[in-house]
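# Per-entry structural report
What follows is each chain in one-letter form.
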Amino acid sequence: MARQRITRNILAATGPVSAGGDQGRDFETFLSYNKSNIQDAGVFFGLESNQLIVFCCTLQTSNIRRKVLADIATVMTPTPGPSVAAVFYFTEVDISVGMRHKLTQEALAEYGVRVELIDGNSIAELLSEPETLWIAREYLNVSTELISGTQEASTVGRVLNTGSVIVRSIFELDPIRDLGVHPPLQLDEWVGMTPYIRRSVDDDLDALVNAGSGLVILEGNSASGKTRTAYEALTRSTEKWGERAIVVPKDGTSLRALISAGFKLENTVVWLDDLEKFIGVDGVDEGLIRLFGASGVLFLATLRSAAKHAMASATAGAPGRSLATVSRAVMAGATSVRVDRSLNEEEVRAVKRQRSDRRISMALDKARHAGLAEFIAAGPATLERWRDGQDGANEVGAALVSAAVDFRRAGYFSPIPQEWIEAAFGDYLDPRTRRRISQAQMEPAFSWATETLHGASSCLEVVGDRLFSPFDYLVDHVQDQKEEEDRARRNGPSRILKTIPDAIWHEIQDRISENDPSFMSCVATSSLSFHPGLKFRYELLVENGSISHESLNDPGVLLNFVRSCTEASLCIPCHVAVLHLDLEAVLKALLDEFDTIPRSESLRLSESQMSAVRGLFSLAEDDANLSSPDSPVMDAAVNFPPHVWEEVGAFFLIHGAPTEGRLWQLFAAAQRGEPVKWPVSLKKNHGVLIPEYPRKRDSGTDVS
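A brief report on the enclosed structure follows. (Residues numbered from 1 in each chain as written. Predicted model: local features only at pLDDT ≥ 70, side-chain atom pairs only at ≥ 80, totals over all residues. Heavy atoms only, no water.)

A few words on the packing of aromatic side chains. By the definition in use, this model includes 11 aromatic pairs. Relative to F88, the ring of F55 has its centre 5.6 Å away and its plane inclined at 20°; by these criteria the two rings are stacked. Highlighted residues: F55 in strand β3 (residues 52-58) and F88 in strand β4 (residues 84-91), separated in sequence by 33 residues. Accessibility assignment for this pair places F55 and F88 in one class, buried. Between F651 and F652, the ring centres sit 5.7 Å apart and the planes meet at 80°, which makes this aromatic pair edge-to-face. In terms of burial, F651 and F652 fall into one category: buried. Put simply, the rings of F594, F617, F651 and F652 touch in pairs and so form one group of aromatic residues. (Phe/Tyr/Trp six-rings, centres within 6.5 Å; stacked < 30°, edge-to-face > 60°. Helix = DSSP H or I, 4+ residues; strand = E, 2+ residues; numbered from the N terminus. Buried < 20%, exposed > 50% of the residue type's maximum accessible area, 1.4 Å probe, protein only.)

As a packed pair, helix α30 (residues 607-621) and helix α33 (residues 642-654) sit with axes 12 Å apart at the nearest point and diverge in direction by 95°. As the angle between them shows, α30 and α33 are arranged roughly perpendicular. When α30 is examined against α33, the residues V613, L616 and F617 are found in contact with a partner set consisting of V648, F651 and F652. Residue classes in the contact of α30 with α33 are distributed as 6 nonpolar, no polar and no charged. (Axes fitted to C-alpha atoms, helices over the stretch in contact; angles between N-to-C directions. Parallel < 35°, antiparallel > 145°, perpendicular 65-115°, else oblique. Contact = heavy atoms within 4.5 Å. Nonpolar A, V, L, I, M, F, W, Y, C, P; charged D, E, K, R; others polar.)

Core analysis: the largest hydrophobic core is formed by 85 residues, its most contacted members being W386, V401, L474, I508, W645, F652 and W664. It is helix α18 (residues 395-409) that provides the largest number of residues to this core, a total of 9 residues. Leaving out residues up to four positions away in the same chain, W386 has contacts with A398, V401, S402, V405, W448, C459, L474 and V478. The next biggest cluster of nonpolar side chains, apart from the first, holds 33 residues, and it includes V156, L275, F292 and L303. (Core = buried A, V, L, I, M, F, W, Y, C linked by side-chain atoms within 4.5 Å.)

What follows deals with the sheet that holds strand β13 (residues 460-464). With respect to topology, 3 strands assemble into an open sheet ordered β12-β14-β13, the strand pairing being antiparallel. This sheet does not close on itself; its edge strands, each paired only once, are β12 (416-417) and β13. In the packing of α18 onto the sheet, the strands contacted are β12, β13 and β14 (467-470), and the crossing angle to β14 comes to about 80°. The strands touched by helix α21 (residues 442-450) are β13 and β14; relative to β13, the strand with the most contacts, the crossing angle is about 105°. (Pairing = 2+ DSSP bridges.)

Everything listed here is a matter of geometry and, on its own, says nothing about what the molecule does.
In structure tokens form, the structure reads like this:
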């Protein structure tokens, strides 16, 4: 409370004050020349000072006058160093106004020092104010309801009192509880955060954070260290900016509520861990970032690769701007930094210097293929626990985890209701076991699935009342494993959606709402899984106008649709017809994204650019798409200038797919009305271009 209401530059005493040598000072200030104040709606009011201020505290309730004067006499004992400018004295007991004035006058006359007495009643009033109420909630377990109504709170205060937004300095935030850093392993005496290992992106990230405004996104796979890297960058930025107010909203709606209440965002950092939770027409959009980014506001976000794909495919489910439209506009104005799960040689050398921490030593010795961050976050340990459960340690608990993982793989990225998991988990059990399961066994099974390992992660994470999310590490593992199996069989592009049990598709079909952010991504994936129920429901919504035309033609949605088709080796024009999409809009989305690719021999493609290349490649794989006069592609292409198809052909010719390149060039000639002699048979170059585009990469893919 002293840091928030009096001054920031406080140095706490170590060990019991009664040990001597500290002159009775419970804590005191250190010399500071940082006199910039953070806005009064945010973190603290007092100015930093280059004067020495001493703080004393007592729980004594009797003979308070004698206690205070004795402590001040000890504090004022002459010693080398700066003289004491003021003493702040906190007491638990209430002190009358008359006694307070008398004590301060005595101290000033006897010792020449100003004394501020803050008694129990004053402390209680300070802790009930909106900006400090969090201290009472966290350290005294005082509920907001007990305090609300005792005084008229400001509009901003009422928003803060809901707990939907936290506003504090970086050093008053718990990186695990408040900011979303994966809790590390807790082993014996090795507890708390592990030492930070400098990442190769730190210099670039520091430059972006110190620039002080705009949207900066750390992208990467689960447990790659994105959130910890962002947190450490903010702590380093205090050297330039001081302790800016950090705004941590629960969701985009909460952030807008705080702004609408009159909170001034200037000179603040808005923390958006898991960006997909915040983006939307009622939350964070490109207008909000553009407006406040110009006012010196830094939006610092993290984003998982899989969640990025989900945003690109999700629609609003009603007339208006789709979520994909908003997310695409937000991403267009962002600067992204990729944090890789694996460490490079320089980072490994930095890790080895921290071997004294047993958890890091274990990661170096045992992680092997696992990245350091994922090992410390107990990623491999949760995977082993899940497998042990499947092998008999807890088959019911493991089945709950399996169901949650497959809901995610089916395109459902929202928190998963418990009743959905309970309705589908039986498909992962032996029929004899399934028949013997009673409701009484469900609670211990969920407890097993949500139990944290070594104080770090759990297979299932509790994200709300009867709402769960599978640990992202497990989802990524299954996805990678299925893709690797398909590549080993040499069956062409992945057909992993077929491995998801029927029960998952049926539950999504029966339970999902069209207003759910995951609705469109589930439609896209289910249409490829030969479970048409959700597709039929989607078609009815389109017919009665419940889903907007803009949503259907959203570039992000269409690119994600194309990606789903190419991964399942399905005909794009056929599925455009099945889902009543506009093939011309699909071609426009592909060409617009293709146009963003730099024309050079060595490329670094984003995920959306790779989706466009794969889609154009897929269209050329079937000669009839381009050569037949009755082809839907031929009809849809008439409104595009022929030179764009010429450019597509030239791209494929340069990058190792001469057959597809030649076909697109012939298609361009046909669009110009020139006579074209289509080849009877061409030997295709499968495995030349497309395998050079690894899946599950958002940036940094080197293609040459």
